[in-house]
Amino acid sequence: MQILQGVGISAGVVIARASLTYERPLPVIEALPSLLGSDAERARLDEAIALTLKQLRKLRTKLNALPEEGRIEIDALLSVYERMLNHSRLVRAAHRRIGEDGLTAEAAVQIESDALAAMAGPQPDMPEEEIEGARRREGEFREVARRLLRNLTGVSFKAFSDVQGGSILVAEQIRPADAAVIDPNRIAAVLSEGGGVTDHTAIMLRALNVPAILAIPNLTDRINDGDLLIVDGSSGRIILHPDSTTLAEARSAMAEEARERKGIGRLRRLPSRLVSGEDVELLANVEIPNELPLLHRNGAAGIGLLRTEFLFDETAPLPDEDGQYEVYSGIVADMPNMTTTIRVLDWGGEKGLSRLRQLGIQGEEEEENPALGVRGLRLLLRHPEILETQLCAILRASLHGQLRILLPMVSSVNEVIATRQIYERCAKRLRRRGVKLPADLPPLGVMIETPAAALTAGALVRQAEFLALGTNDLTMYTLAVDRSAAMGSELYTTLHPALLRLLRLTIDEALRAHRPVCVCGEMASDPRAVALLIGMGLRSFSMSAALLPPVKRMIRSLSLDSCDALYRQAMLVEDPIELHRIIRDFAV
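Residues numbered from 1 in each chain as written. Predicted model: local features only at pLDDT ≥ 70, side-chain atom pairs only at ≥ 80, totals over all residues. Heavy atoms only, no water.

Enquirer: Pulling in residues and values, what's your account of the overall build of the protein chain?
Expert: When helices and strands are tallied, the protein chain shows 22 helices and 16 strands. Buried residues in the protein chain amount to 52% of all 588 residues. Partitioning the contacts of the protein chain with sequence separation of at least 6, the portion at a separation of at least 24 is 70%. Total accessible area computed for the protein chain in this model is approximately 25,900 Å², and 51% of it derives from carbon and sulfur atoms. (Helix = DSSP H or I, 4+ residues; strand = E, 2+ residues; numbered from the N terminus. Buried < 20%, exposed > 50% of the residue type's maximum accessible area, 1.4 Å probe, protein only. Contact = heavy atoms within 4.5 Å. Areas by Shrake-Rupley, 256 points an atom, 1.4 Å probe, with all protein chains shown as cover.)

Enquirer: I'd like a rundown of the UniProt feature "binding site: Mg(2+)" (unreviewed entry) in the protein chain, residues and numbers included.
Expert: Mapped onto this structure's residue numbering, the UniProt feature "binding site: Mg(2+)" (unreviewed entry) falls at Glu449 and Asp473. Maximum C-alpha separation among the annotated residues is 5.3 Å over a sequence range of 25 residues, consistent with a single clustered spot. When sequence neighbours within four positions are dropped, the list of residues in contact with Glu449 reads Pro408, Met409, Gly470, Asp473, Leu474 and Tyr477. Tracing the backbone shows Asp473 in helix 17 (residues 471-479). Residue Asp473 is classed as buried on the basis of its relative accessible area, which comes to 4%. (UniProt positions renumbered as here; feature names shortened; annotations may be inferred.)

Enquirer: Pulling in residues and values, what's your account of the sheet that holds strand 7 (residues 228-232)?
Expert: Adjacent strands of a sheet form backbone hydrogen bonds with each other and so pair up, either parallel or antiparallel. Taken in spatial order, the eight strands line up as 1-8-7-3-4-5-6-2 in an open sheet, and their pairing is mixed. Two strands in the sheet have a free side with no partner beyond their single neighbour: strand 1 (2-5) and strand 2 (7-10). Taking the axes of each pair of neighbouring strands and ignoring which way they run, one obtains an average angle of 30° across the sheet. As defined by bridge partners, strand 4 (residues 168-171) adjoins strand 5 (residues 189-192) across four bridges and the pair is classed as parallel. (Pairing = 2+ DSSP bridges. Axes fitted to C-alpha atoms, helices over the stretch in contact; angles between N-to-C directions.)

Enquirer: Describe helix 3 (residues 89-101), with residues and values.
Expert: The end-to-end C-alpha distance of helix 3, which contains 13 residues, comes to 17 Å, matching closely the 18 Å that a straight helix rising 1.5 Å per residue would cover. The complete set of buried residues in helix 3 reads Leu90, Val91, Ala93, Ala94, His95 and Ile98. (Expected span 1.5 Å × (residues − 1).)

Enquirer: Can you lay out the side chain of Ser34 for me, pointing to particular residues and giving the numbers?
Expert: Summarising the element assignment, Ser34 is placed in the loop between strand 3 (13-21) and helix 1 (38-61). Within polar-contact distance, the side chain of Ser34 engages the backbone nitrogen of Leu36 at 2.9 Å. Those residues within four positions of Ser34 in sequence are excluded, and the remaining contacts are Glu41, Gly102, Leu103 and Thr104. (Polar contact = N/O pair within 3.5 Å; in protein donor to acceptor, adjacent residues only side chain to side chain.)

Enquirer: Let's hear about the confidence of the model for the protein chain: which residues, and what values?
Expert: Within the protein chain, residue pLDDT values average 84, and 86% of them lie at 70 or more. Contacts of residues 362-368 to residues separated by more than four positions or lying in other chains number six contacts, the stretch itself having pLDDT below 50. Confidence drops under a pLDDT of 50 for residues 484-489, and excluding neighbours within four residues, the segment shows one contact in the predicted structure. (pLDDT = per-residue confidence, 0-100.)

Enquirer: Pulling in residues and values, what's your account of the nonpolar core?
Expert: Counting 92 residues, the largest nonpolar core has Leu295, Leu500, Leu503, Ile534 and Phe541 as the members making the most contacts within it. Excluding residues within four positions of it along the chain, Leu295 makes contact with Ala284, Val286, Ala300, Gly302, Ile303, Met335 and Ala545. In terms of nonpolar packing, the next biggest core, distinct from the first, is built from 28 residues, Leu45, Leu53, Leu56 and Val144 among them. (Core = buried A, V, L, I, M, F, W, Y, C linked by side-chain atoms within 4.5 Å.)

Enquirer: Residues and numbers for the packing of aromatic side chains, please.
Expert: According to the stated counting rule, one finds zero aromatic pairs in the structure shown. Geometry around Tyr325 places Arg396 over its ring, the cationic atom sitting 4.2 Å from the centre. Between Arg404 and the ring centre of Phe466, over which it is positioned, the NZ or CZ distance is 3.9 Å. (Phe/Tyr/Trp six-rings, centres within 6.5 Å; stacked < 30°, edge-to-face > 60°. Lys NZ or Arg CZ within 6 Å of the ring centre and 35° of its normal.)

Enquirer: Provide a residue-level description of the environment of His496, including the pertinent values.
Expert: Relative to the helices and strands, His496 is located in the loop between helix 17 and helix 18 (497-512). Non-local contacts of His496, meaning those with residues more than four positions away in its chain, are made with Leu479, Pro576 and Leu579. In terms of polar contacts, His496 uses its side chain to reach the backbone amide nitrogen of Ala498, at 3.0 Å.

Enquirer: Can you tell me about the pattern of salt bridges, naming the residues and giving the values?
Expert: As enumerated under the stated definition, the model contains 25 salt bridges in all. Within the structure, one salt-bridge network assembled from shared partners comprises Glu321, Asp322, Arg396 and Arg433. (Salt bridge = Lys/Arg side-chain N within 4 Å of Asp/Glu carboxyl O.)

Enquirer: Go over the environment of Ala40 with me, naming the residues and quoting the values.
Expert: Turning to its location among the elements, Ala40 is positioned in helix 1. Counting along the chain gives 65 residues from Ala40 to Ala105, while the straight-line C-alpha distance between them is 9.2 Å.

Enquirer: Requested: an account of the pairing of strand 12 (residues 402-407), with residues and values cited.
Expert: Within strand 12, five of the six residues are buried, leaving the element largely enclosed by the surrounding structure. The sheet contact formed by strand 11 (residues 339-343) and strand 12 spans five bridges and is parallel. Its bridge partner being in strand 12, Arg343 is matched across the sheet by Leu406. Inspection of the sheet shows strand 12 paired to strand 13 (residues 444-448) by three bridges, in the parallel sense. Bridging from a neighbouring strand, Leu407 pairs with Val446 of strand 13. With helix 14 (residues 413-432) bridging strand 12 and its parallel neighbour strand 13, the resulting β-α-β unit is right-handed. (Right-handed = clockwise from strand over helix to strand, strands pointing away.)

Enquirer: Describe in detail unusual backbone geometry, supporting the description with residues and values.
Expert: The backbone phi angle of Asn337 is positive, close to 60°, even though this residue is not glycine. Within the secondary structure, Asn337 is located in the loop between helix 10 (321-333) and strand 11. Of the residues examined, Asn337 reaches a relative accessible area of 75% and is grouped as exposed. Non-glycine residue Met409 carries a positive phi angle of around 55°. Residue position: Met409 is located in the loop between strand 12 and helix 14.

Enquirer: Account for the environment of Ala510, with residues named and values stated.
Expert: Within the secondary structure, Ala510 sits in helix 18. C-alpha separation for the pair Ala510 and Glu465, spaced 45 residues apart in sequence, amounts to 9.5 Å. Aside from chain neighbours lying at most four places away, what touches Ala510 is Val461, Leu467, Arg515 and Val517.

Enquirer: Lay out the packing of helix 3 against helix 4 (residues 105-120) in plain terms, naming residues and giving numbers.
Expert: Across the interface, helix 3 lies against helix 4 with an axial gap of 9 Å and an inter-helix angle of 135°. The pairing of helix 3 with helix 4 is recorded here as oblique in orientation. Where helix 3 crosses over helix 4, the handedness of that crossing is right-handed. Of helix 4, the residues touching helix 3 (which contributes Arg89, Leu90, Ala93, Ala94, Arg97 and Ile98) are Ala105, Ala108, Val109, Ile111, Glu112, Ser113, Leu116 and Met119. Taken together, the residues of the contact of helix 3 with helix 4 break down into ten nonpolar, one polar and three charged. (Parallel < 35°, antiparallel > 145°, perpendicular 65-115°, else oblique. Left-handed = near helix turned anticlockwise from the far one by under 90°. Nonpolar A, V, L, I, M, F, W, Y, C, P; charged D, E, K, R; others polar.)

In structure tokens:
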């Protein structure tokens, strides 16, 4: 018996035989002059692009056989590939290199895709939180180039049609487009030497709900076709040639998972309601559109926070109004009869610094402590053209469903007043262009992320239609502790008496003004903290879609009296350690 370790991508325990699949390697492509001439090479490139687009369309026809979550996920990525093949920077540069340097189409594609991938990928001074996103963008360029080069050289693509049903797919590399031909009804699990937890392949395998492990060293050298495997997608562990005791344990784990899935399926259909009868709204935070399938699967009542930073790519110009509108309208349309809360761009602080410098938006000298400088709404008001473009796109998307607009990092009333003036100006401009807008514009809300905003909530609710409590940043600014720093991390806690008092003040002001108020920070994903906040008067919470089931399960076991008692007890405590103990020991 041997144990292999990789990165768990999609949960699930599977016992099955391995089925290895290989991909024919591409030939070495050298930067040699063409013997055919520039016109012939351009024609070859255009033919390869047309064939690649045809193949992508064919992949789309196979999506109907996949679960709904997988269809949405893979369709979005195929759209990215198609845009990169239609008069894109890659295509234009390859044509130019064929004409100027006389290279073959293969060499032109290889050279230009390598250059663009290097630009899109991780950079030496890039903040750690941006590295995974950069790797995904790099992978998109390399995948499109790979497909073009295979069509130019005539080297066939990988096919999974010969994989035996019910077996575990084992490959050196599973690329995002490969996921489109993976049938989750035939393949029990997926193992790959390449890949990572946040790349497109991982995201799609999770959407397909296929147990999967990626980044397994020397996988294809250690496993043979037909080997019996136990795959644990949660831990990332693979057991090769398991003994009878290990097999029995795995079968028991599979049975427990089946019971758990059945319970979550029932939970999704049940209302999010206290035992005393009060309804509680559970929403989802969304980083990228790829998370929408999980949101629907776990029964979210809407999007409480859609972060829009994913649209602002450091390797490309700022997104225009039409491009943003296309994305927002697609997301809103995918949330029928539910509300989508779109937060405008929140750059600055620890986020997007390299992008700001590259795009020349920073303008001023680099700040010693950017978290305390120009970020969020402050930055947008200094550069209103960015804000106006985004607001116009969001307003146009409001015709496709219910949405709200959220303003980040607010610290004073005058910022909200200035933004509302820009907002109304954008609406007038659109109407003059003949764009139909709702009679009542989407509500404008404020994130409470600074002590200043919390302490002036009474004034803010007179200028905003709703409030969202961003407990992550509010905790950092209240306690003067950087949540991303290793030093002092034990000091960063949302369960601090000072923070609870700011939250209570904000909630009281919102309820007094009859304004909706929601928590959209990490505090919303802690079931016991949610009980405390319900006692404070909150009835709306937004969290990662993956964490909705345990929070909902806890809510359905609570009574309003028990939440109120916890709140009253917690507000009498001055010591954070004692407050932690009270919340930890809370019994329904």
